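Overview (structure and organization)
This is what each chain is made of:
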Amino acid sequence: MTPCLETHIGSLRLKTPLMPASGTFGYGDEYLGIISYEPLGAIVTKSLSLKPKRGNPPPRIHELPCGMLNSIGLENVGIKRFLEEKLPRLSELGLPVVVSIFGESEEEFLRVGESLKGAPSVSALEVNLSCPNVRKGGAAFGADPERVFHIIDNLKERVDLPLWAKLPPDPFHILEIAEAAQKAGAHALTLVNTLPAMAMDIQRGRPVLGGITGGLSGPALMPVALKMVYEVTRKLKIPVVAAGGISRWEDAMAFLLAGASALQIGTALFSNPRVFSEVHEGILRFMRERGMTTIEDLRGKAHEVEDHPL
Amino acid sequence: MAEEDLPQVLAIEKASFTTPWGRWAFLVELKPPGYAFVYEEEGRILGYAVMRIVEDEGHLMNLSVAPPWRKRGIGSDLLRFCIEFCLHKGVSSLWLEVRESNEAAISLYQKMGFAVKGRRKSYYQDTGEDALLMGLSLPRKILQEAKVKAVRTMGPLCILELSLQSEIPFEPGQFVMIEAPGRPLMRPLSIFGLEKKMLKLLLRPVGTGTRALVEVHTGQTLRVLLPLGKGYPMPQGRQKAWLLAGGMGIASLFPLALKLSRKGIPVRLLWGARNSSWFPAPLLWQLTEKSISLELITEDGSMGRKGLITEVLPKEWENATVYACGPKEMMKRILSIIPPHVKVYVSLEERMACGVGACQACVLSGRGGNKLVCRDGPVFEREEIGDSLS
Ligand SMILES: Cc1cc2nc3c(=O)[nH]c(=O)nc-3n(C[C@H](O)[C@H](O)[C@H](O)COP(=O)(O)OP(=O)(O)OC[C@H]3O[C@@H](n4cnc5c(N)ncnc54)[C@H](O)[C@@H]3O)c2cc1C
Ligand SMILES: Cc1cc2nc3c(=O)[nH]c(=O)nc-3n(C[C@H](O)[C@H](O)[C@H](O)COP(=O)(O)O)c2cc1C
Ligand code: FES
C-alpha cells in the first residue's frame, strides 16, 4: 500500500506536507511547466504588503559555502494587484493557497489581512513577523511577544482565515514568542524565517549586499531551525510548519521526527528545482520500507526519547 | 487507462456523445503516441481523457465526465493533468477540436488558457456542425540533466559542450541556469550555441562556480534550466547590425552574428578584450563568414586595434541597429555615446538565484520601476533601461 502523506494544519487538510517557502516561489506560477506541482500540498506566495514595494538595491543575493544571503527587501506587487492579477491564476492550480502578508505597522497587517477576506481559494494567511530586510515591521515585531500577540489577536478578530505566524530564528526566546502566538489564536507557526546576517566585500571595503545586511537561508540554517521546531512542538500543542535548509528527503524526515506537521522548501529549489519530487519520493520510500502508513507514524517520534537531565 | 477499464469508459462514452467511440478506437490510444487517463474515485471511473503526442505537439482527442458527476471540477482536473503531462514530455502546444455549440466545454478550455485558433468546417458528420480548433502554447523552459561531452580550454576561456535530452529552440541572447557542482546556486550563462541537442557554453573561470564548471569531466551530468529570458530581436527593415562585444560579451553575440549572417543581414562585429589570448583561433574562424565583418580591439594592442571598444566606435550610425554585451561600465559608455535615435539593445548581468522570475534577486532598478533581468531581460531596449545603469 502506498503510504498516505496527508497532513492537517488545524482544520486545513493538505495532501502532502510539502510547500514552497514564501519568497522563493514567486506568485506560484513561475515554475509551471518546469517542475511537477504534484508533490505540493499547498502554495505559499511572496509576502504581500498594502502598497507595492520596490525592495532593496542590488546586489540582493550572495552565495555562501552552505547557503545564501538575501536582501530582497520584500519587493512585491502589493495586495491589490495580487488580487486582480495573480490570485486568479493561482486559483487554477487546484492547490490550497497560503498568502503571506506583511506590514510595516500593526495597522498595515490588519488592512492587508482584511483585503483577503472572502478571496477565492485562499486557505490560510502566513503572517510574516520576521523579515530581516526591512527597516520597519519585520523581525522587530516577531521578536516581541506582546506585538506578536496583538497582531495575531487583531487579525483573528477581523479575518476569518487560519493564521500561521511566521517567526524569526531566535532560539533563545522562541518559546515565549510561540506561546504568545498560540494564545492569540494562531492556527500554526512557521519556523523559521532567515537569520539576520551580512557579507563583506573586502576588495571594495564595503558590505556586499545593496541592502547592507540580509538574511541567511539554506543548509547552514537547518540545525538551528530543527532545534527550534523540536523544542516548540514538545512544549506546545500548536502545529508547526518547518522551514530552514531542507534540501534532501533526509532533512524533511528530520523535521517530521522533530514534530513538524508540514515542510517548506526555499533555497534548495534554486540549485535543484526538482527538490519537491525528490523529497516526496524519499519520504514515501522510507515509510514504505518501514511499513508506515501515515505521516502520524513519524511526526514527533523523536519526542519519545527522554530529555537528558542536566 | 487499461484494457479492463474499457467497459466503464464505454458506458460513459455512450452516455455522453451522439456518435460515441467504439472499443477499438480506445484500444488504439492505449499505447504511444496515444495516452489515455482515467479519473477514478473509490475504484469507480468517473471520467477520462485521451490524447496523442507527436513530436512536440499534443492533441486532445477525447475528454468526458460521467453525466451524474459533471460540474464538480473533474473535467478541469483531467485537463490539468493532461497539461502537466504534456509539459513533462516537452510538448510545446496542445490542440483540440470542440463543437461550436458546446459552450460548457469551450468555457472550461478557455479557463485553462486555450484560445480559439481556427475553425474546421462541417467537422462533425452527425450534424454537419463546425468544430472550433483551440490551442494552448506551453512555456518552453525546460529542466534537464545534460551530459558533459567536452571541456575545451582556449587560453583564458573555456567551451563546455553538453548533450541535452531533447532538441530545444532558442534565440541568441537567451541564457541557461546551470548547476555548478558543489555550489548552492546555479550559474547564469548565455547560450553560446544550441543545435541538435548540443548545448555550448562559453565561459571564463572567475570564481567558485565557474571554476567548478571548467573542472567537470566528460560523462558527468549537470542540471540545466533553459532557455531563459528574452533574446535579441531582429533588426527592422533594411538595417545593418552592429554588434559590440566587451570580453565575455561575445558569448551571447556570437550566435547572434551567425543567425544574422544566415539571414543575409550585414553584420559588423567589434570585439574588444584585454589582450590577444581572448581571441581563440577556432572562434575567429567561425566568424569568417562573408556577411560578417569582424574587428578586434585589445587594451594592450597585442592584436587588432589598441584601445577600448568605446574609443573606436564609429561616428556613422545611419540604418544601424546596435547590439551590445559587456561589462557594465562599457554599457553605460555606449549608451551615452550612441545618438538617441539609434535603436540599441543591450544585454545585462545581475546576480540570479532562480532564473525564472520567482525570487526577485536580479533587479534592474530605475525611475520607471523595477524589472527583472532574468524575466524581462537580459536583453533590454535602451528605452527600457532609462537611468537604471547610473
Ligand atoms: C544573463 C547572463 C549571462 C551570462 N553569460 C555568461 C557567459 O556566457 N559566459 C560567462 O563567462 N559569464 C557569463 N555571465 C556571468 C556569469 O554568470 C558569472 O561570471 C558567474 O556567475 C560567476 O560565478 P562564479 O561562481 O565563478 O563567481 P563567484 O564570484 O564565486 O559567484 C558568487 C555569486 O555571484 C554571482 N555572480 C558573480 N558574478 C556575476 C556576474 N557577472 N553576473 C551574474 N552573477 C554573478 C554568481 O552567479 C554566484 O551566485 C552571465 C551572466 C548573466 C546574468
Ligand atoms: C530569496 C528569498 C526571499 C525570501 N522572501 C521571503 C518573504 O517574502 N517572506 C517570508 O516570510 N520569507 C521569505 N524568505 C524566507 C524563506 O521563506 C524561508 O523562511 C527561509 O529562506 C528558510 O528556508 P530555506 O532555507 O529553505 O530557504 C525568503 C528567502 C529567500 C532565500
Ligand atoms: S533570478 Fe530570481 S527573479 Fe531573477
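Residues numbered from 1 in each chain as written. Chains lettered and ligands numbered in written order. Predicted model: local features only at pLDDT ≥ 70, side-chain atom pairs only at ≥ 80, totals over all residues. Heavy atoms only, no water.

Residues and elements named next belong to chain B. All of the buried residues in helix 8 (residues 328–337) are M330, M331, I334 and L335. Buried residues of helix 8, viewed axially, fall in a sector of 130°; they line one side. Structural note: helix 8 exposes K328, E329 and S336 on the side pointing more than 90 degrees away from its buried face. Contact partners of the buried residues in helix 8: strand 14 (240–246), strand 18 (320–325), strand 19 (343–347) and helix 10 (382–385). (Buried < 20%, exposed > 50% of the residue type's maximum accessible area, 1.4 Å probe, protein only. Helix = DSSP H or I, 4+ residues; strand = E, 2+ residues; numbered from the N terminus. Arc of directions from axis to C-beta. Contact = heavy atoms within 4.5 Å.)

Next up on the list: the pairing of strand 18 of chain B. Residue and element names in this part refer to chain B. Of all six residues in strand 18, six are buried; the element is thus mostly enclosed. For strand 18 and strand 19, the ladder comprises five bridges, and the chain directions are parallel. Counted as the bridge partner of V322 is V344 from strand 19. Assessed by its sense of winding, the connection that carries the chain from strand 18 through helix 8 to strand 19 is right-handed. (Pairing = 2+ DSSP bridges. Right-handed = clockwise from strand over helix to strand, strands pointing away.)

Turning our eyes to something else, we now look at the sheet that holds strand 16 (residues 292–298) of chain B. Residue and element names in this part refer to chain B. If you trace the seven strands from one edge of the open sheet to the other, you get 17-16-15-14-18-19-22, paired in mixed fashion. Here the strands that pair on one side only, and so sit at the sheet edges, are strand 17 (305–306) and strand 22 (379–381). Inspection of the sheet shows strand 14 paired to strand 15 (residues 267–273) by six bridges, in the parallel sense. Bridging from a neighbouring strand, W242 pairs with R268 of strand 15. Packed onto the sheet, helix 6 (residues 250–262) meets strand 14, strand 15, strand 16 and strand 18 and runs at close to 160° relative to strand 14. (Axes fitted to C-alpha atoms, helices over the stretch in contact; angles between N-to-C directions.)

Looking now at the domain arrangement of chain B. A common way to report how large an interface is uses the accessible area buried once the components associate. Residue and element names in this part refer to chain B. When the domains of chain B are assigned, the result is domain 1 (3–137), domain 2 (142–228) and domain 3 (240–385). Relative placement of domain 2 and domain 3: their C-alpha centres are 20 Å apart. Taken together, the contact pairs 21 residues of domain 2 with 21 residues of domain 3. Buried surface at the junction of domain 2 and domain 3, summed over both partners, amounts to about 1,800 Å²; 76% is from carbon and sulfur atoms. Counting every contact that joins domain 2 to domain 3 gives zero salt bridges. At the level of elements, strand 8 (157–163), strand 9 (175–178), strand 10 (187–190), strand 12 (198–203) and strand 13 (221–228) are the ones that each hand at least two residues to the side of domain 2 that touches domain 3. Across the side of domain 2 that touches domain 3, the residue classes tally to 17 nonpolar, three polar and one charged. (Domains from an automatic or database assignment. Buried area = accessible area lost by both parts, 1.4 Å probe. Salt bridge = Lys/Arg side-chain N within 4 Å of Asp/Glu carboxyl O. Nonpolar A, V, L, I, M, F, W, Y, C, P; charged D, E, K, R; others polar.)

The next subject is unusual backbone geometry. Of the consecutive residues P58 of chain A and P59 of chain A, the connecting peptide bond is found in the cis state with omega at -10°. Turning to its location among the elements, P59 of chain A is positioned in the loop between strand 4 (43–44) and strand 5 (61–64). In this model, L226 of chain B is joined to P227 of chain B through a cis peptide bond whose omega is -15°. For S122 of chain B, which is not glycine, the phi torsion reads 45° and is therefore positive. By the secondary structure assignment, S122 of chain B is in the loop between strand 5 (115–120) and strand 6 (131–137). A relative accessible area of 47% places S122 of chain B in the partly exposed class. Its identity is not glycine, yet K197 of chain B carries a phi of approximately 70°, on the positive side. In this structure, K197 of chain B sits in the loop between strand 11 (193–195) and strand 12.

Attention now moves to the sheet that holds strand 16 (residues 262–265) of chain A. All names here are of chain A. Read from one edge to the other, the open sheet built from eight strands follows the order 3-16-15-10-9-8-7-4, with strand pairing classed as parallel. What marks the edges here is a single partner per strand, and that holds for strand 3 (18–20) and strand 4. In terms of strand pairing, strand 9 (residues 163–167) meets strand 10 (residues 188–191) through four bridges, oriented parallel. Note that in strand 10 the partner of A165 across the bridge is L189.

Here we take up the site of ligand 2. Residue and element names in this part refer to chain A. Near ligand 2 lie 22 residues; those nearest to it are S22, S47, K166, G245 and T267. In this structure, K46 approaches ligand 2 through a side-chain N or O atom, which is 2.9 Å from an oxygen atom. With respect to ligand 2, the backbone of G245 contributes an N or O atom lying 2.6 Å from an oxygen atom. Coverage of ligand 2 by the protein amounts to 98% of the 600 Å² it exposes when considered alone. (Near = heavy atom within 4 Å. Polar contact = N/O pair within 3.5 Å; in protein donor to acceptor, adjacent residues only side chain to side chain. Areas by Shrake-Rupley, 256 points an atom, 1.4 Å probe, with all protein chains shown as cover.)

Residues and elements named next belong to chain A. For N70, the location among the structural elements is in strand 6 (residues 67–70). The class of N70 is buried, set by a relative accessible area of 18%. From its side chain, N70 meets the backbone nitrogen of I72 in a polar contact 3.3 Å long. Not counting the four nearest positions on each side in its chain, N70 is found in contact with R60, I61, N133, T194, G214 and G215.

Below, the discussion takes up a nonpolar patch on the surface. Residue and element names in this part refer to chain A. On the surface, a nonpolar cluster with roughly 430 Å² of combined accessible area is contributed by M198, M200, I202 and I212. Position of I202 relative to the elements: it lies in the loop between strand 12 (200–201) and strand 13 (206–207). A relative accessible area of 72% places I202 in the exposed class. (Patch = residues over 30% accessible without salt bridge, like charges linked within 9 Å, V, L, I, M, F, W, Y side chains within 5 Å.)

Our next topic: the nonpolar core. Among the nonpolar cores identified, the biggest contains 130 residues, and Y31, F82, L129, L189 and L263 of chain A together with L244 of chain B are the most heavily contacted of them. At seven residues, helix 9 (residues 275–289) of chain A tops the list of elements feeding residues into this core. There are two domains that each give this core at least three residues, and those are domain 2 (142–228) and domain 3 (240–385) of chain B. Those residues within four positions of L244 of chain B in sequence are excluded, and the remaining contacts are L253, L270, I309, L313, V322, Y323, A324, C325, M330, I334 and I338 of chain B. (Core = buried A, V, L, I, M, F, W, Y, C linked by side-chain atoms within 4.5 Å.)

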